[in-house]
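# Survey of secondary and tertiary structure
Each chain, written out:
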Amino acid sequence: MKKALTAQELYVESVKRADRIVRIWRVCLCIIFVAAWELCARYEIINSFIFSSPSKLARCFYRLLLEEGLASHIGITLFETLASFFLVIAVSLILAVLLWKSRTFSRILEPYMVMLNSLPKSALAPLLIVWLGANYKTIILTGISVAVFASIMNLYTGFMEVDPEKVKLIDTLNGTEKDKLYKVILPSNIPNLFGIMKVNIGLCLVGVIIGEFIAARKGLGYLIIYGSQVFRFEHKQI
């Protein structure tokens, strides 16, 4: 005879069931999309030369991987993206802490941060390359420029929105600014930091690709711009 489930066990089971349904639908939607793309290309509903097809892309990927050093291009772009990502996090944390510690400093820099964040980042890449030269350091800096200003502002906003009662408690206990930072401000902003990191990894990749479009001889951005220039969207027509 089966044991009756408690309310907690029923809730946990319902959550697990909902998670399974979400995962199944995610996989199904991906399969449906790929299958529809393949069928539309095979039956000429879409132009297979322009849009290619999953099967052609798979064969092209395999050939590029074995014959034309695709792995090295992926590695270069991955290195530049990760370097940009970690530098953005480090710089953002340092500057956000400095802005939090000095209201005067934050009031001075805030309009400049807003202005820099609103600049079109794709316009900065050619300037950086002219100033610093066409090398991987400039591409990493391009990746940083796409994400860093928004990260600083979001972190600083999170620091300022921490529950003031918790900060007052530190003051009541004769705590220092260091105690406020390490015991209240940073722990309270861990979810915010992880949210910023999830956004930044994509932004850094975009910035790196933009830099590789303009000044690289290796990397995924170089392959993309080369393929578009010679009108070979899958590198070779198969």
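Fair warning: this is a prediction, and the values are worked out from it, not measured in the lab.

### Points about the nonpolar core
Membership of the largest hydrophobic core comes to 14 residues, with the highest contact counts inside it found for Val88, Ile144, Val148, Ile152 and Cys204. When residues of this core are traced back to their parent elements, those giving at least two are helix H4 (70-101) and helix H7 (136-160). When residues in this core are grouped by element, the largest group, seven residues, is from H7. If sequence neighbours within four positions are ignored, Ile144 has contacts with Ser84, Leu87 and Val88.

### Comments concerning the environment of Gly211
By the element assignment, Gly211 lies in helix H10 (residues 190-215). In this structure, the C-alpha to C-alpha distance between Gly211 and Arg26, residues 185 residues apart in sequence, is 33 Å. For Gly211, the residues in contact, after removing those within four places along its chain, are Ile129, Ile139, Thr142 and Ala216.

### Concerning the confidence of the model for the protein
Per-residue confidence for the protein gives a mean pLDDT of 85; residues scoring 70 or more make up 94%. The least confident element of the protein, judged by mean pLDDT, is helix H6 (residues 121-132) at 77; the most confident is H4 at 92.

### Here's the deal with the environment of Ser106
Looking at where Ser106 falls in the secondary structure, it is placed in helix H5 (residues 103-118). By relative accessible area, which is 4% here, Ser106 ends up buried. Note: C-alpha distance between Ser106 and Leu95 (11 residues apart in sequence) is 9.6 Å. Polar side-chain contacts of Ser106 include one of 2.7 Å to the backbone oxygen of Arg103.

### Here we look at a nonpolar patch on the surface
Nonpolar side chains collect at one region of the surface, where Phe61, Tyr62, Leu65, Leu66 and Ile74 lie side by side and expose about 500 Å² of accessible area between them. Inspection of the secondary structure puts Leu65 in helix H3 (residues 54-67). Given a relative accessible area of 36%, Leu65 falls into the partly exposed group.

### Notes on the packing of H4 against helix H9 (residues 177-188)
At a minimum axis separation of 12 Å, H4 and H9 run at an interaxial angle of 120 degrees. Here H4 is positioned oblique relative to H9, judged by the angle of their axes. The crossing of H4 and H9 is right-handed. Counting all contacts with H4, which are made through Leu93, Val97 and Trp100, the residues of H9 involved are Glu177, Lys180, Leu181, Ile185 and Leu186. Partitioned by chemical class, the residues of the contact of H4 with H9 number six nonpolar, no polar and two charged.

### Describing the side chain of His73
Along the chain, His73 falls in helix H4. Other than its neighbours up to four places away in sequence, His73 contacts Glu68, Arg217, Lys218, Gly219, Leu220, Tyr222 and Leu223.

### Here's the deal with the pattern of salt bridges
Scanning the entire structure with this criterion turns up five salt bridges. Between Arg20 and Glu13 there is a salt bridge, and its shortest N-O distance comes to 3.7 Å. Glu165 is the partner of Lys168 in a salt bridge, and the nearest nitrogen-oxygen pair spans 4.0 Å. In this pair, Lys168 and Glu165 are both assigned in helix H8 (residues 164-172), three residues apart and thus about one turn of the helix distant. Connected via shared salt-bridge partners are Asp171, Glu177 and Lys180.

### Describing unusual backbone geometry
In the Ramachandran plot, Glu44 falls in the positive-phi region, its phi being about 60 degrees despite a non-glycine side chain. By relative accessible area, Glu44 is classed as exposed at 68%. Non-glycine residue Ser52 carries a positive phi angle of around 55 degrees. Considering the arrangement of structural elements, one finds Ser52 in the loop between helix H2 (48-51) and H3. Exposure remark for Ser52: the relative accessible area of 4% places this residue in the buried category.

### Some words on the packing of H4 against H10
With their axes 8 Å apart at the nearest point, H4 and H10 run at an angle of 130 degrees to one another. The angle between H4 and H10 places the two elements in the oblique class. Note that H4 runs across H10; the crossing there is right-handed. In this structure, H4 uses Ile76, Thr77, Glu80, Thr81, Leu82, Ser84, Phe85, Val88, Ile89 and Leu93 to contact H10, whose residues at the interface are Leu193, Met197, Asn200, Ile201, Cys204, Leu205, Val208, Ile209 and Glu212. The residue makeup of the contact of H4 with H10, split by class, is 13 nonpolar, four polar and two charged.

Here is what the cut-offs are and how they apply
Residues numbered from 1 in each chain as written. Predicted model: local features only at pLDDT ≥ 70, side-chain atom pairs only at ≥ 80, totals over all residues. Heavy atoms only, no water. Core = buried A, V, L, I, M, F, W, Y, C linked by side-chain atoms within 4.5 Å. Buried < 20%, exposed > 50% of the residue type's maximum accessible area, 1.4 Å probe, protein only. Helix = DSSP H or I, 4+ residues; strand = E, 2+ residues; numbered from the N terminus. Contact = heavy atoms within 4.5 Å. pLDDT = per-residue confidence, 0-100. Polar contact = N/O pair within 3.5 Å; in protein donor to acceptor, adjacent residues only side chain to side chain. Patch = residues over 30% accessible without salt bridge, like charges linked within 9 Å, V, L, I, M, F, W, Y side chains within 5 Å. Areas by Shrake-Rupley, 256 points an atom, 1.4 Å probe, with all protein chains shown as cover. Salt bridge = Lys/Arg side-chain N within 4 Å of Asp/Glu carboxyl O. Axes fitted to C-alpha atoms, helices over the stretch in contact; angles between N-to-C directions. Parallel < 35°, antiparallel > 145°, perpendicular 65-115°, else oblique. Left-handed = near helix turned anticlockwise from the far one by under 90°. Nonpolar A, V, L, I, M, F, W, Y, C, P; charged D, E, K, R; others polar.

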